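Structural description and commentary
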Amino acid sequence: MRVDFAQGRVRVAGPALLAALGLLVSACGNSTTGHPATAADAAKVLGTQNKATGSPVLLGLISDGKGTSVDQTGEIKGAQAAVGYANTYLGGINGHAIQLKVCSTQNVAAQATACANQMVAGKVSAVLAGTLAEADQSIAVLSAAKIPEFFSQASSRLALTAPHVFSMTNAVNYFSTPAAYAKQLGYKQATEVVIDVPGASGPAQQIGSLLFGKAGVGFNVMPIAPGTADMTPQIQAAQSKNPQMYSLLGDATFCTSAIKALRTLAVKATIVAAETCVNSAASASIPGGYQGVKVVSTLQFNPADQEYKIFKAALDHYGDGTRPAPIPGIGYAVTLGLVRVLNAAKVKDTSPAGLGAAVKSAPPVPYPLNGGATFQCDGKAVPLSANICSSNGLLADAATDGTLSNYQVIKAGGLFAPGG
């Protein structure tokens, strides 16, 4: 795939350029907080019950789940919490009760294909996914079967080009937000420290280079193998280019090593990390913790916000008491986001074709846990791909333990504009 911004247009052509953006993300705070809240406690936050009584709509959820190197089970708990909340308090999907069929890939490509085939055989109306490491394997099967698949975000070749695929937040957020922020600060040089798996290092080379280039910022990609405990030599080498920003992309273990190296070398550059980098359990092993790190986020966790209060109550009551954290938040938000957009469209046809058409025709609706920002899947949000439903990103300040605050919306639409 080649994205051409010249001549006042955006054109996608040529062989595939984008690899799957599937990160080895860690389970970030998936422990429980004790006994789930009672129905009375939940009602205080969740509101008046409006139970779904119509015929069921079967949705699928494909998650990496728990494998040898990752634990994404919190994503499943978050999705289940959203379903429980929607069925009891929102009338499900336009009155239809939601049923959820779950399949875990264990971060194995063949299992991702098997999960997609299970969804086809199960005759689901749509499939939800958060951030799949093997996104293209599921897309290849489901797109051919004309079953819509809704990701929190996915920027693989097929995710950006295949029909019946939706990235409900900015699929290239981990690149466009740091690039737009670097431009805002007037930086001239940035380095991306990225976990060296095809789903991350490939997009960093291709999409990251494109967007930082559009921002007028020199960009150097430094892929580093998973499990590298000491990144001091690599960071020392990267310093030869005098980057004013280091952008980190990987799981919490990977990014912990990167931040330790940056601190060991007393690097003064701005550190911008993907939300998948942050894990409160890892903060104690980092000198100074996450203090001073800017975090690219798809979710806003503000305890004073009603969205967050509903999220926490839903997890307490329908998610086995799972603690609010990014991974459960991704599963919750993508599920509730689909419910919201379908209800806004007043969907009547709950077949795969009906759900896909309804989402495309729906007006803008607030994306859960996104500070009130809206998304719309009409194909016009980002010229790079009609499958992306939003161009905005969130950037937050991290405290020592990784707690985020001072969220700001970073508008990156200009990086996708023709010309420049």
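Everything in this summary refers to the structure shown in the same document. (Residues numbered from 1 in each chain as written. Predicted model: local features only at pLDDT ≥ 70, side-chain atom pairs only at ≥ 80, totals over all residues. Heavy atoms only, no water.)

**Some remarks on the overall build of the protein**
Helices and strands together make up the secondary structure of the protein, namely 12 helices and 16 strands. Relative to its 420 residues, the protein shows a buried fraction of 58%. (Helix = DSSP H or I, 4+ residues; strand = E, 2+ residues; numbered from the N terminus. Buried < 20%, exposed > 50% of the residue type's maximum accessible area, 1.4 Å probe, protein only.)

**Some details on the environment of Leu 369**
With respect to the secondary-structure elements, Leu 369 resides in the loop between β13 (365-366) and β14 (374-375). Put simply, Leu 369 and Gly 329 are 40 residues apart on the chain and 7.9 Å apart in space, counted from C-alpha to C-alpha. Discounting residues that sit within four places of it in the chain, Leu 369 has contacts with Thr 298, Leu 299, Gln 300, Phe 301, Glu 307, Tyr 308, Phe 311, Gly 329 and Tyr 332. (Contact = heavy atoms within 4.5 Å.)

**Concerning the sheet that holds strand β12 (residues 294-297)**
What the 7 strands build is an open sheet, ordered β9-β8-β10-β11-β12-β15-β16; its pairing is mixed. Of all strands in the sheet, those bounded by a partner on one side alone are β9 (218-224) and β16 (404-411). Direction aside, neighbouring strands of the sheet carry axes that sit 25 degrees apart on average. Its contacts with the sheet put helix α9 (residues 252-264) on β8 (189-195), β9, β10 (245-249) and β11 (270-274), and the angle it makes with β10 is roughly 160 degrees. (Pairing = 2+ DSSP bridges. Axes fitted to C-alpha atoms, helices over the stretch in contact; angles between N-to-C directions.)

**Looking at the sheet that holds strand β6 (residues 149-151)**
Taken in spatial order, the 5 strands of this open sheet run β4-β3-β5-β6-β7, and their pairing is parallel. Each end of this open sheet is capped by a strand with a single partner; those strands are β4 (96-104) and β7 (165-167). The average angle at which neighbouring strand axes cross in this sheet is 25 degrees, direction not considered. As paired elements, strand β3 (residues 54-63) and strand β5 (residues 126-129) share 4 bridges and run parallel to each other. Looking across to β5, one finds that Leu 61 is bridged to Leu 128.

**Quick notes on the state of the cysteines**
The final tally for this structure, using the stated rule, is 3 disulfides. Between Cys 103 and Cys 115 runs a disulfide, and the two sulfur atoms are separated by 2.0 Å. Between Cys 103 and Cys 115 the sulfur-sulfur dihedral comes to about -75 degrees; the bridge is accordingly left-handed. Separated by 12 residues along the polypeptide, Cys 103 in strand β4 and Cys 115 in helix α3 (residues 109-121) bring together distant segments of the chain. (Disulfide = S-S within 2.5 Å.)

**Describing the nonpolar core**
Soluble globular proteins tend to pack their nonpolar side chains together in the buried interior. Ranked by internal contacts, the top residues of the largest apolar core, which has 113 residues, are Leu 59, Val 193, Tyr 246, Leu 248, Tyr 332, Leu 338 and Leu 342. Sort the elements by how many residues they give to this core and helix α11 (residues 326-344) lands first, with 10 residues. Contacts of Leu 59, omitting those with residues within four sequence positions, involve Ile 93, Ile 98, Gln 99, Leu 100, Lys 101, Val 124, Ala 126, Leu 128, Leu 338 and Leu 355. Core analysis: the next-biggest nonpolar cluster, separate from the first, contains 20 residues, Val 124, Val 127, Ile 147 and Val 165 among them. (Core = buried A, V, L, I, M, F, W, Y, C linked by side-chain atoms within 4.5 Å.)

**Points about the packing of helix α2 (residues 73-89) against helix α10 (residues 306-318)**
Their axes nearest at 8 Å, the elements α2 and α10 cross at an angle of 95 degrees. Comparing the axis directions of α2 and α10 gives the class roughly perpendicular. Across from Lys 77, Gly 78, Gln 80, Ala 81, Gly 84, Tyr 85, Thr 88 and Tyr 89 in α2, the residues of α10 making contact are Ile 310, Ala 314, Leu 315 and Tyr 318. Looking at the contact of α2 with α10 residue by residue, the classes come out as 7 nonpolar, 4 polar and 1 charged. (Parallel < 35°, antiparallel > 145°, perpendicular 65-115°, else oblique. Nonpolar A, V, L, I, M, F, W, Y, C, P; charged D, E, K, R; others polar.)

**Structural notes on the pairing of strand β15 (residues 392-398)**
The side chains of a regular strand alternate, first on one face of the sheet and then on the other. Of all 7 residues in β15, 5 are buried; the element is thus mostly enclosed. Of the pairings in the sheet, the one linking β12 to β15 comprises 4 bridges and is antiparallel in character. Bridge pairing in β15 links Val 296 to Leu 395. Where β15 meets β16, 6 bridges bridge the pair, whose relative direction is antiparallel. Across the sheet, residue Asp 397 finds its bridge partner in β16, namely Ser 405. Counting the residues in the hairpin turn of β15 and β16 gives 5 residues, including Gly 402, whose phi is positive at 95 degrees.

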